[in-house]
Amino acid sequence: MSDDWMTPEIREAEAMLEERMRQAEEVLDRVARYEASLPEIKLTDDQIEDVEQRIRSGQAPPEIAALQARIDAGEFSWQDIASGEALHDESVQASFAKSVANMQQAKELLDAGYDVATVIGNDPNRPAADTYDDEPPDSFLR
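Residues numbered from 1 in each chain as written. Predicted model: local features only at pLDDT ≥ 70, side-chain atom pairs only at ≥ 80, totals over all residues. Heavy atoms only, no water.

## Focus on the overall build of the protein
Logical step 1: Across its full length, the protein carries six helices and zero strands.
Logical step 2: Ordering the α and β elements of the protein from the N terminus gives α-α-α-α-α-α.
Logical step 3: Within the protein, the fraction of its 142 residues that count as buried is 21%.
Logical step 4: Here the contacts in the protein between residues at least 6 apart in sequence split such that 42% fall between residues at least 24 apart.
Logical step 5: Total accessible area on the protein is roughly 10,600 Å²; 55% of this is exposed by carbon and sulfur atoms. (Helix = DSSP H or I, 4+ residues; strand = E, 2+ residues; numbered from the N terminus. Buried < 20%, exposed > 50% of the residue type's maximum accessible area, 1.4 Å probe, protein only. Contact = heavy atoms within 4.5 Å. Areas by Shrake-Rupley, 256 points an atom, 1.4 Å probe, with all protein chains shown as cover.)

## A few points about the nonpolar core
Logical step 1: Core analysis: the largest hydrophobic core is formed by 13 residues, its most contacted members being Ile64, Leu67, Phe76, Trp78, Ile81, Val92 and Phe96.
Logical step 2: Residue assignment for this core shows that the elements contributing at least two residues are α2 (45-56), α3 (62-72), α4 (78-83) and α5 (90-111).
Logical step 3: Sequence-distant contacts of Val92, defined by excluding residues within four places in its chain, comprise Leu67, Phe76, Ile81, Ala86 and Leu87. (Core = buried A, V, L, I, M, F, W, Y, C linked by side-chain atoms within 4.5 Å.)

## Here we look at the packing of α2 against α3
Logical step 1: At their nearest, the axes of α2 and α3 sit 10 Å apart, and the two run at 120° to each other. With respect to each other, α2 and α3 are oriented oblique. Of the two possible hands of crossing, α2 and α3 adopt the one that is left-handed. Mapping the contact onto sequence places Glu52, Ile55 and Arg56 in α2 and Ile64, Ala65, Gln68, Ile71 and Asp72 in α3.
Logical step 2: Looking at the contact of α2 with α3, its residues break down into four nonpolar, one polar and three charged. (Axes fitted to C-alpha atoms, helices over the stretch in contact; angles between N-to-C directions. Parallel < 35°, antiparallel > 145°, perpendicular 65-115°, else oblique. Left-handed = near helix turned anticlockwise from the far one by under 90°. Nonpolar A, V, L, I, M, F, W, Y, C, P; charged D, E, K, R; others polar.)

## Concerning α2
Logical step 1: The terminal C-alpha atoms of α2 lie 16 Å apart, and with twelve residues this matches the ideal 16 Å at 1.5 Å per residue to within 8%.
Logical step 2: Along α2, the residues that are buried comprise Ile48, Val51, Glu52, Arg54 and Ile55. For α2, the angular spread of the buried residues around the axis is 160°, confining them to a single face. In α2, those exposed residues whose orientation departs by more than 90 degrees from the buried face are Asp45, Asp46, Glu49 and Gln53.
Logical step 3: Among the structural elements, α3 and α4 are those in contact with the buried residues of α2.
Logical step 4: Residue Gly58 follows α2 closely and has a positive phi angle near 90°. (Expected span 1.5 Å × (residues − 1). Arc of directions from axis to C-beta.)

## Overview of the confidence of the model for the protein
Logical step 1: Chain-level pLDDT for the protein is 82 on average; 86% of the residues reach the 70-or-more range.
Logical step 2: Looking over the protein, one finds the lowest element-wise mean pLDDT in helix α6 (residues 116-121), namely 79, and the highest in helix α1 (residues 8-37), namely 93. (pLDDT = per-residue confidence, 0-100.)

## With respect to the pattern of salt bridges
Logical step 1: Scanning the entire structure with this criterion turns up nine salt bridges.
Logical step 2: A salt bridge links Arg70 to Asp89; the nearest nitrogen and oxygen atoms lie 2.7 Å apart. With Arg70 in helix α3 and Asp89 in the loop between α4 and α5, the pair connects residues that are 19 residues apart, well separated along the chain. No difference in accessibility class separates Arg70 from Asp89, as the two residues are buried.
Logical step 3: Connected via shared salt-bridge partners are Glu19, Arg22 and Glu26. (Salt bridge = Lys/Arg side-chain N within 4 Å of Asp/Glu carboxyl O.)

## Points about a nonpolar patch on the surface
Logical step 1: Residues Leu110, Val116 and Ile120 make up a contiguous nonpolar surface patch of roughly 240 Å² in combined accessible area.
Logical step 2: Its location among the elements puts Leu110 in helix α5.
Logical step 3: A relative accessible area of 41% places Leu110 in the partly exposed class. (Patch = residues over 30% accessible without salt bridge, like charges linked within 9 Å, V, L, I, M, F, W, Y side chains within 5 Å.)

Rendered as structure tokens:
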């Protein structure tokens, strides 16, 4: 079939669509290469048990406790979260949003030249000095 019926605008739109499809395929290829280069993250049973114990003892914010309830219900696992498989879930993303902001702030402080002790001392989730219990701060849970 002839394409004589196409106006210049339609030809331009078709060319633009083809270019955007080519760009999308290029991006998907880059993502696939990047994803393949990432190390597999696997939590040990002991690590999972430690995380769950801390959550159940009240050392986690309500968002993380809600994740634990969903894990207990079988919706996904801590392995799914660690590997990124569960990150498509908006509630999983939201649960860690505050922690990501805190980690970004810590990185900025380190990049600015502050020492680790200062960065840890400025952790908004670190327990007050009178409640310190020899355990390292697990800010990602709070």
